[in-house]
Amino acid sequence: MTEEKTAAKLRQEELFLKKQNGYDKIDEASIVAMDEYCDGYKKFLDNAKTEREAVKAAVSLAEEKGFVPFRRYMSLKPGDRVYVSNRGQSLMLAVIGTRPLDEGINIGAAHIDSPRLDLKPYPLFEDGDFALLKTHYYGGIRKYQWLSVPLELRGTVIRKDGTKTEVTLGGEPGDPFLVIPDLLPHLASAQSEKPLGKAVDPEAMNIFLGSRPYPDKEVSERFKLAALDLLNQKYGITEEDFLSAELCAVPAYSACDIGLDRSMIGAYGQDDRVCGYASLKGLFDAEAPEKTAVCVLADKEEIGSMGVSGMQSQAFDTFIADLCSCLDAHLRTCYENSFCLSADVNACYDPNYADVYDKRNSSFINQGVTLCKYTGSRGKSGASDASAEVMGYARKVFHHADVLWNVSELGKIEAGGGGTLALYMANRNIDTVDAGVPVLGMHAPFEVTGKLDCYMMYLAMKAVYEAPVAI
Ligand code: MN
Ligand code: MN
């Protein structure tokens, strides 16, 4: 009887897939390395609240690691490290491998833009003795989440004379913050009857900029004038300068540890800077890659990857074509032999909202990187559905490097949906699959990730870049 049971158990162990919490699999040394990695990641998040800031932070880290600006027709040899900043809004980096580019490259592609509140072209007005700023939200936000949270103003203004000013209100210690106050519950009877998605009018998401009037009582619009006067003193801008500006309101909190055990990270913009940072650090630490390793940190993913700095832009093709011409290879041949890990976050199983997940096919915290064969919605619509071969390749790469991983879908089939960069890479004739870190509260002003998953994402990216040709 006992013997039979043991045989069955052995058979079970042989055949069954075992899902395990990553903490039951990793050793003490990995936990130390994980904590150190996550400290660096939190610092990066605090310095990278917009895509422009992320590019700046990434370039300065890259230069410390020996990366130099790429020049067309420069001579390149294995081990060389180059980067191209695409208008300061997206970034492409490469470590030249020992194999010809015609044999393909290994790409890690993440996005560094995150949902936020952009200012409208004519943002400034006054009402009720307040100076206010009109906003137009960027990306898929749940509007109510952005009320009554401290905000910072970050961005770039091109003044009338063509000079550029960087705005980082809230970025310096002691800086004031801004806010859109929510409606008090005492007067919310009518609003509370509305469906959640309709309860907050986006035209009423106006930021409170100030409440002290300009001292001279003789002028009109004294609250607007006082605010503009301060903006002018601090940044040298006038009202017309808003017309050539990209100003974004982003949450004012710094990244922090979450949980008594400090096992999680809470911060704004982890979708998708958690994968952006991992793609970057993985490239820095990739040891002598055989195939050329390329990291892309793209902009505009949250609004469809359009435009010059989005993943649909030819900027990427131009960079790879330029590398090909430096190294005597052909772009099309290079693409058809390449692999891309589209590094983007996924929805972490949340016990508070269990009914939107298929528990058998969800990503769980601390199980490592989650591979996602397809995204899209309602019957995989709009998805780049990775082939069995590509999934098999990713499995092999992760196993080879002892990366903890699982496979998941975003949620229940008709619960909603989403997309990533994957289809734009796949459309280029590059084998592509999504993988990323599970996130709680995705697109909220404060998102939560597991430290173990953040660290595994780094190991996964490093493994992709380092993957031997004969794996
Ligand atoms: Mn994303
Ligand atoms: Mn997103």
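Residues numbered from 1 in each chain as written. Chains lettered and ligands numbered in written order. Predicted model: local features only at pLDDT ≥ 70, side-chain atom pairs only at ≥ 80, totals over all residues. Heavy atoms only, no water.

**Regarding the overall build of the chain**
Part 1: In terms of regular secondary structure, the chain is built from 12 helices and 22 strands.
Part 2: In terms of C-alpha radius of gyration, the chain reaches 24 Å, essentially the compact-globule figure of 23 Å for 471 residues.
Part 3: If one aligns the C-alpha atoms of the chain with their principal axes, the spans along those axes are about 90 × 65 × 40 Å.
Part 4: In the chain, once contacts between residues fewer than 6 apart in sequence are set aside, the share between residues at least 24 apart is 76%.
Part 5: Accessible surface for the chain amounts to roughly 22500 Å². Of this, 52% is attributable to carbon and sulfur atoms.
Part 6: Put simply, the chain has 51 plus and 68 minus side-chain charges, and the middle of one group is 1 Å from the middle of the other. (Helix = DSSP H or I, 4+ residues; strand = E, 2+ residues; numbered from the N terminus. Rg over C-alpha atoms; globule rule 2.2 N^0.38 Å. Contact = heavy atoms within 4.5 Å. Areas by Shrake-Rupley, 256 points an atom, 1.4 Å probe, with all protein chains shown as cover. Lys, Arg positive; Asp, Glu negative; His and termini not counted. Charge placed at Lys NZ, Arg CZ, Asp CG, Glu CD.)

**Side note on the state of the cysteines**
Part 1: Considering all chains together, one arrives at 0 disulfides under this definition.
Part 2: Here C326 stays free of any disulfide, with the sulfur of C324 as its closest cysteine sulfur at 9.3 Å. (Disulfide = S-S within 2.5 Å.)

**So, the packing of aromatic side chains**
Part 1: Throughout the structure, instances matching the rule amount to 16 aromatic pairs.
Part 2: Relative to Y335, the ring of F316 lies with its centre 6.2 Å away and its plane at 5°, an arrangement referred to as stacked. Within this pair, whereas F316 is found in helix α8 (residues 315-326), its partner Y335 is found in helix α9 (residues 331-336), the two being separated by 19 residues in sequence.
Part 3: Ring plane angle 35° and centroid distance 4.9 Å describe the contact between Y349 and F364, whose orientation is recorded as tilted. Placement of the pair is Y349 in the loop between β15 (346-347) and β16 (369-372) and F364 in the loop between β15 and β16, with a sequence separation of 15 residues. As far as burial versus exposure is concerned, Y349 and F364 are alike and both buried.
Part 4: What links up through ring pairs into an aromatic cluster is the set Y37, Y41, F44, Y277, Y455 and Y458.
Part 5: The ring of Y138 has R116 lying over it, and the distance from NZ or CZ to the ring centre is 4.1 Å.
Part 6: The positively charged end of K380 is found above the aromatic ring belonging to Y374, 3.9 Å away from the centroid. (Phe/Tyr/Trp six-rings, centres within 6.5 Å; stacked < 30°, edge-to-face > 60°. Buried < 20%, exposed > 50% of the residue type's maximum accessible area, 1.4 Å probe, protein only. Lys NZ or Arg CZ within 6 Å of the ring centre and 35° of its normal.)

**Looking at the packing of helix α2 (residues 28-47) against helix α7 (residues 270-285)**
Part 1: The geometry of α2 relative to α7 is characterised by a closest axis approach of 10 Å and an angle of 125° between their N-to-C directions. With respect to their mutual orientation, α2 and α7 come out oblique. For the pair α2 and α7, the crossing hand works out as right-handed. Contact residues: α2 offers Y37, G40, Y41, F44 and L45, while α7 offers Q270, R273, V274, Y277, A278 and K281.
Part 2: The residue makeup of the contact of α2 with α7, split by class, is 7 nonpolar, 2 polar and 2 charged. (Axes fitted to C-alpha atoms, helices over the stretch in contact; angles between N-to-C directions. Parallel < 35°, antiparallel > 145°, perpendicular 65-115°, else oblique. Left-handed = near helix turned anticlockwise from the far one by under 90°. Nonpolar A, V, L, I, M, F, W, Y, C, P; charged D, E, K, R; others polar.)

**So, the sheet that holds strand β6 (residues 130-138)**
Part 1: The 6 strands lie next to each other as β8-β7-β10-β5-β6-β9, forming an open sheet whose pairing is antiparallel. Pairing within the sheet leaves two strands with one partner each, and these edge strands are β8 (164-169) and β9 (207-210). Pairwise comparison of adjacent strand axes, ignoring direction, gives a mean angle of 30° for this sheet. (Pairing = 2+ DSSP bridges.)

**What about the coordination of the manganese ion (ligand 1)?**
Part 1: Looking at the manganese ion (ligand 1), one finds its protein donor set to be H111 (NE2), D271 (OD), D344 (OD) and D344 (OD), positioned 2.1 to 2.5 Å from the metal centre.
Part 2: Expressed as a motif, the donor residue spacing for the manganese ion (ligand 1) is H-x159-D-x72-D.
Part 3: The metal-metal distance between the manganese ion (ligand 1) and the manganese ion (ligand 2) is 3.4 Å, with D271 serving as a donor to both. Within this pair, whereas H111 is found in strand β4 (residues 105-111), its partner D344 is found in the loop between β14 (339-343) and β15, the two being separated by 233 residues in sequence. The residues H111 and D344 share a single accessibility class, namely buried. (Donors = N, O, S within 2.8 Å, 3.2 Å for Na, K, Ca; no water.)

**What about a positive patch on the surface?**
Part 1: A cluster of basic side chains, namely K5, K9, K18 and K25, defines a positive patch on the protein surface.
Part 2: Tracing the backbone through its elements, the reader meets K5 in helix α1 (residues 2-15).
Part 3: For K5, a relative accessible area of 65% gives the class exposed. (Patch = residues over 30% accessible without salt bridge, like charges linked within 9 Å, V, L, I, M, F, W, Y side chains within 5 Å. Salt bridge = Lys/Arg side-chain N within 4 Å of Asp/Glu carboxyl O.)

**As for the pairing of strand β2 (residues 81-86)**
Part 1: Note that strand β1 (residues 68-69) and β2 share 2 bridges and pair parallel. Paired with V68 across the bridge in β2 is V82.
Part 2: With 6 bridges connecting them, β2 and strand β3 (residues 90-95) associate as antiparallel partners. For Y83, the partnering residue across the bridge sits in β3 and is L93.
Part 3: Hairpin connection from β2 to β3: 3 residues lie between these consecutive antiparallel strands, with R87 at a positive phi of about 55°.

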